Amino acid sequence: PLQNAVLLLKRAKAKLARYELARSEPIAVVGMACRFPGGATTPGAFWQLLSDGVDAISEVPRDRWDIDSCYDPDPAASGKMNTRWGGFLERVYDFDADFFGISPREAVHVDPQQRLLLEVTWEALENAGLSSERVARTKTGVYVGAIGSDHLLLQSRNPDEVDIFSGTGVSLSILANRVSYLLNLHGPSVTMDTACSSSLVTVHMACQSLRRGESNLALAGGVNLILSPEATIALSKAYMMSPDGRCKTFDAEANGYVRGEGCGRVVLKRLSDAQADGDRIVALIRGTAVNHDGNSNGLTAPNGPAQEAVLRSALKDAQLSPSEIGFVEAHGSGTKLGDPIEM
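All values derive from a computational prediction rather than experimental measurement.

Draft legend 1. Quick look at the overall build of the chain. Scanning the chain from terminus to terminus reveals 14 helices and 8 strands. For 343 residues, the compact-globule estimate of 2.2 N^0.38 gives 20 Å, and the chain sits close to it at 22 Å. Each principal axis of the C-alpha distribution contributes one length, and for the chain these read about 85 × 50 × 40 Å. In the chain, which comprises 343 residues, the proportion classed as buried is 42%. Sequence separation of at least 24 residues holds for 74% of the intrachain contacts in the chain that already meet a minimum separation of 6. With the model as given, the accessible surface of the chain reaches about 18500 Å², and the carbon-plus-sulfur share is 58%.

See below:
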């Protein structure tokens with residue numbers, strides 16, 4: 001009986017050790033793709049843009065809205081925005097519907113965010129050396145961050161044009177679901193909106209799903225397109241927009257931020273699986289964490305202690321100390337309220 005008890009204890013310890021290892025196993029980034037302003041259509045091009053200090057901000061393109069009729073330097077002016085600027089992609093309405101098995105009739109009603117997401121997700125899988133046939137019918141999770149659908153606003157202006165495809169064409173839930181449907185993926189399929197942190201939260205959720213064994217592969221990231229003026233007008237009324245189109249983070253002249261659009265996707269695996277599969281490992285995610293400010297000094301205002309707490313939680317999850325971190329990226333909203341608290 002004593003020997004049996006010792007054997008059972010060893011097995012329990014081994015099981016606990018495997019559980020702890022799985023719960024804290026690093027997550028490997030094995031593929032990535034992006035579309036960002038300034039012609040940054042690949043991760044390499046984006047890195048070059050950053051390295052060269054390229055300014056990718058431009059005036060609102062004519063294919064979005066008439067900026068002259070919507071602009072007023074006074075942010076309090078009714079129905080007007082106090083900025084003419086943003087980070088915009090080119091040719092956002094171009095789409096190879098046939099490649100993705102979408103009929104021309106349906107494609108007209110599909111949110112360009114959905115179209116862009118399909119393209120960039122496909123490119124991310126290719127970057128990871130994965131084909132659509134290889135991932136089909138697998139426990140692959142799809143996590144998409146999105147904060148709005150301007151296409152819905154545009155469509156609502158012409159109710160006579162609403163048809164059978166309009167509902168799925170503008171639904172934010174379909175952003176993730178269409179990817180899962182197209183690729184025949186059987187893992188979680190979730191679109192989430194946590195405002196500015198949406199893409200980061202998708203990565204957190206994807207890592208948790210992989211560590212729990214809920215997914216064996218995960219696609220995470222976000223998408224955003226600025227197709228109508230309403231949201232920018234609302235942000236102007238809140239004095240959040242920089243009138244000169246420059247986000248002067250941590251500067252005494254900070255006067256707001258600049259809206260931008262794009263799409264970024266990463267392909268994630270548990271490190272042990274990536275190593276076993278011989279994948280090219282771009283980076284490791286050691287730990288993640290999510291929290292909320294709670295009832296602080298304002299619904300949209302940051303909270304210093306809460307940000308400190310989430311950093312400590314992420315470090316604990318990664319089993320790291322602050323002295324081991326060599327790079328910290330800030331939200332950097334370029335506002336007089338947010339920057340001092342974050343710094």
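Picking up after the structure, the text goes on.
Draft legend 2. Region of interest: the packing of aromatic side chains. Enumeration according to the criterion identifies 5 aromatic pairs in this entry. Summarising the aromatic geometry, the rings of Phe99 and Phe100 are spaced 4.9 Å apart at their centres and angled 85° between planes, so their arrangement reads as edge-to-face. With a relative accessible area of 47%, Phe99 lands in the partly exposed category. Centroid distance Phe100 to Trp122: 6.0 Å. Interplanar angle 90°. Geometry classified as edge-to-face. Taken as a pair, Phe100 in the loop between strand 3 (85–86) and helix 4 (104–107) and Trp122 in helix 5 (residues 112–127) lie far apart in primary sequence, 22 residues in all. Taken together, the ring pairs connect Phe95, Phe99, Phe100 and Trp122 into an aromatic cluster. Directly above the ring of Tyr71 sits Arg84, whose terminal nitrogen or CZ lies 5.1 Å from the centroid.

Draft legend 3. Examining the environment of Leu320 more closely. Take Leu320: it is sitting in the loop between helix 13 (304–318) and helix 14 (338–342). Sequence-wise, Leu320 and Pro61 are 259 residues apart; in three dimensions their C-alpha atoms are separated by 45 Å. Those residues within four positions of Leu320 in sequence are excluded, and the remaining contacts are Arg286, Leu315 and Ile325.

Draft legend 4. A look at the layout of surface pockets. If you add up the space inside the second largest pocket, you get close to 370 Å³. Taken together, 18 residues form the lining of the second largest pocket, with Arg35, Thr41, Leu89, Glu90 and Arg91 sitting closest to its centre. In terms of residue count, the dominant contributor to the lining of the second largest pocket is helix 5 (4 residues). Tallied by class, residues from the lining of the second largest pocket come to 8 nonpolar, 4 polar and 6 charged.

Draft legend 5. Main features of the environment of Asp244. Considering the arrangement of structural elements, one finds Asp244 in the loop between helix 11 (230–237) and strand 7 (262–270). Taking C-alpha positions, Asp244 is 43 Å from Gly101, a pair spaced 143 residues apart along the chain. Filtering out sequence-adjacent residues up to four positions away, Asp244 remains in contact with Trp85 and Asn255. Of the polar contacts made by the side chain of Asp244, one reaches the backbone nitrogen of Arg246; its length is 3.3 Å.

Draft legend 6. Highlighting the pattern of salt bridges. Enumeration over the complete set of coordinates arrives at 20 salt bridges. Taking the shortest distance from any N to any O, the salt bridge between Arg212 and Glu214 comes out at 3.0 Å. Under the relative-accessibility criterion, Arg212 is labelled exposed at 56%. A relative accessible area of 36% means that Glu214 is categorised as partly exposed. Bridged by salt links that share partners, the residues Glu59, Arg62, Asp66, Asp68 and Arg84 form one connected network.

Draft legend 7. Focus on the pairing of strand 7. For strand 7, the tally of buried residues reaches 7 of 9 residues, placing the bulk of the element in the interior. The pairing of strand 1 (residues 27–35) with strand 7 spans 8 bridges and is classified as antiparallel. Residue pairing in the sheet places Val29 in a bridge with Leu268 of strand 7. Pairing analysis gives 7 bridges linking strand 6 (residues 217–224) to strand 7, with the strands arranged antiparallel. In the strand pairing of strand 7, Val223 is matched with Cys263.

Draft legend 8. Seen up close, the sheet that holds strand 5 (residues 189–192). With mixed pairing, 6 strands are arranged side by side in an open sheet as 5-4-6-7-1-8. Edge strands, defined here as strands with exactly one partner in the open sheet, are strand 5 and strand 8 (283–285). The average undirected angle you get between the axes of adjacent strands in this sheet is 25°. Each of strand 1, strand 4 (140–145), strand 6 and strand 7 is contacted by helix 5, which is oriented at about 135° to strand 1, the strand it contacts most.

Draft legend 9. View of the side chain of Arg265. Mapped onto the secondary structure, Arg265 falls in strand 7. Despite its burial, Arg265 remains without a salt bridge, the nearest opposite charge being carried by Glu123 at 10 Å. Here Gly221 takes part through its backbone oxygen, which lies 3.3 Å from a polar atom of the side chain of Arg265.

Draft legend 10. Highlighting the state of the cysteines. Under the definition given, this model contains 0 disulfides. Counting only cysteine sulfurs, Cys263 is the nearest neighbor of Cys207, a cysteine outside any disulfide, at a range of 18 Å.

Draft legend 11. Looking closely at the pairing of strand 1. Taking burial as the measure, the 9 residues of strand 1 include 8 buried ones, the bulk of the element. As paired strands, strand 1 and strand 8 are joined by 3 bridges and run antiparallel to one another. By the bridge assignment for strand 8, Ile27 is matched with Ile285.

Calculation rules
Residues numbered from 1 in each chain as written. Predicted model: local features only at pLDDT ≥ 70, side-chain atom pairs only at ≥ 80, totals over all residues. Heavy atoms only, no water. Helix = DSSP H or I, 4+ residues; strand = E, 2+ residues; numbered from the N terminus. Rg over C-alpha atoms; globule rule 2.2 N^0.38 Å. Buried < 20%, exposed > 50% of the residue type's maximum accessible area, 1.4 Å probe, protein only. Contact = heavy atoms within 4.5 Å. Areas by Shrake-Rupley, 256 points an atom, 1.4 Å probe, with all protein chains shown as cover. Phe/Tyr/Trp six-rings, centres within 6.5 Å; stacked < 30°, edge-to-face > 60°. Lys NZ or Arg CZ within 6 Å of the ring centre and 35° of its normal. 1 Å grid on protein atoms, 1.4 Å probe; cavity = no way out; pocket = protein on both sides within 12 Å on 5 of 7 lines; lining within 4 Å. Points joined across faces, edges and corners; volume = space filled by probe spheres on them. Nonpolar A, V, L, I, M, F, W, Y, C, P; charged D, E, K, R; others polar. Polar contact = N/O pair within 3.5 Å; in protein donor to acceptor, adjacent residues only side chain to side chain. Salt bridge = Lys/Arg side-chain N within 4 Å of Asp/Glu carboxyl O. Pairing = 2+ DSSP bridges. Axes fitted to C-alpha atoms, helices over the stretch in contact; angles between N-to-C directions. Lys, Arg positive; Asp, Glu negative; His and termini not counted. Disulfide = S-S within 2.5 Å.

Geometric descriptors of this kind do not, in isolation, establish any biological role.
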